[in-house]
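Below, each chain spelled out in residue letters.
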Amino acid sequence: MLKDQKDITMDTQCEGKNDTTVKEEENCDPKKFDFSFNPKRDARLIARNANKIIGGNPVTQNALDKESLMRYWQQRYRLFSKINDGIIMDEQGWFSVTPEMLAKYTANRLIPHKNAIILDAFCGAGGNAIQFALAGAYVYAIDLDPIKLRCALQNAKVYGVQNQITFICGNFFHIAKSFFKERSANGSPIIDGIMLSPPWGGPEYYNAPVFELEMCSPDGIEIFDYCLKISQNIAYFLPKQTSAKQLIQLAAKTDSKNVEIEHNILNSKIKTLTAYFGNVAKK
């Protein structure tokens, strides 16, 4: 289906752009966008220099200030162990990328066998997609924001796995439909597992006593329903205070009716949770 396509596939139905990460002077039409990394043009994205560049003059509402950045900067090697080897991220990437150790663990949980096909529905800077590829999977990595895909493609090159990932720029719901009826030769779904890590709305999610899936953008319940038409083997990466009741309600839609909720601990603190559905949920 899409496996033979190189580097970046573009969803021609994608309209508009993500204004939270893209400077006005850059053309963000996916059909005209330059997805390659240019050190001069993209100096603001070079992660090893972020503490000198980011902060003080926020471009967007969700941009990091200097004080906020430093919390992530101090843990930068947990985000990418190769962060000084050419990793690039936009400002949102600093607070949204899955830490490398956790991404590696999730990959080992979600991948059923070598050469499995994994769909990373909201790939961002590529933290999860890279670990899936390093674990031997082939990955379809989707994101609406072309800047994030520029980062993800460059980061995959840093880790040497760019040939195992097809990056797709476009709206998740448009792209997902192309997988609905895809089946392998034996009639099973072509996608072996799905990674879900949709935008949570920025660091402000910390302030919510209970995180409801509708607070994701797009709606976290609608995302899950679309994914069930592709594969029931889903890893859902969410804030630690996500409603367990809602996750149980999602599980009721699956054949197994099971969900495994795993809390993710970093620095001796619960930071996030991952909910596993389908065959990857332990019974």
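Placed above this text is the structure.
Residues numbered from 1 in each chain as written. Predicted model: local features only at pLDDT ≥ 70, side-chain atom pairs only at ≥ 80, totals over all residues. Heavy atoms only, no water.

Peer 1: Mind showing me how you'd approach the environment of asparagine 233 here?
Peer 2: Note that asparagine 233 resides in the loop between α9 (220-228) and β6 (234-239). Spatially, the C-alpha atom of asparagine 233 lies 7.5 Å from that of tyrosine 276, the residues being 43 residues apart in sequence. Each residue touching asparagine 233, except ones within four places of it in the same chain, is listed here: Leu110, Asp192, Gly193, Ile194, Phe277, Gly278, Asn279 and Val280. (Helix = DSSP H or I, 4+ residues; strand = E, 2+ residues; numbered from the N terminus. Contact = heavy atoms within 4.5 Å.)

Peer 1: What exactly am I supposed to notice about the side chain of glutamate 100 here?
Peer 2: Mapped onto the elements of the fold, glutamate 100 is located in helix α5 (residues 100-110). Setting aside residues up to four positions removed in sequence, glutamate 100 forms contacts with Arg78, Leu79, Phe80, Ser81, Gln131 and Tyr159.

Peer 1: What am I meant to see in the pairing of strand β3 (residues 138-143) here?
Peer 2: Where burial is concerned, most of β3 is hidden: six out of the six residues are buried. Going residue by residue along β3, you find Tyr138, Tyr140 and Ile142 tucked away on one face and Val139, Ala141 and Asp143 tucked away on the opposite face as well. Two elements, strand β2 (residues 117-120) and β3, share four bridges in a ladder whose sense is parallel. Its bridge partner lying in β3, leucine 119 is registered against tyrosine 140. In this region the chain leaves β2, passes through helix α6 (residues 127-134) and returns to the parallel neighbour β3; the handedness of that crossover is right-handed. (Buried < 20%, exposed > 50% of the residue type's maximum accessible area, 1.4 Å probe, protein only. Pairing = 2+ DSSP bridges. Right-handed = clockwise from strand over helix to strand, strands pointing away.)

Peer 1: Mind showing me how you'd approach α6 here?
Peer 2: Because the α-helix completes a turn every 3.6 residues, residues three or four places apart line up on one side. Judged by how many residues are buried, α6 sits mostly within the fold: seven of eight residues are covered. Among the residues of α6, Gly127, Asn128, Ala129, Ile130, Gln131, Phe132 and Ala133 are the ones counted as buried. On its buried side, α6 packs onto α5, β2, β3, α7 (146-158), β4 (165-169) and β5 (193-196). A positive phi of about 105° marks glycine 136, the residue just after α6.

Remember, this is a structural readout, not a statement about activity or role.
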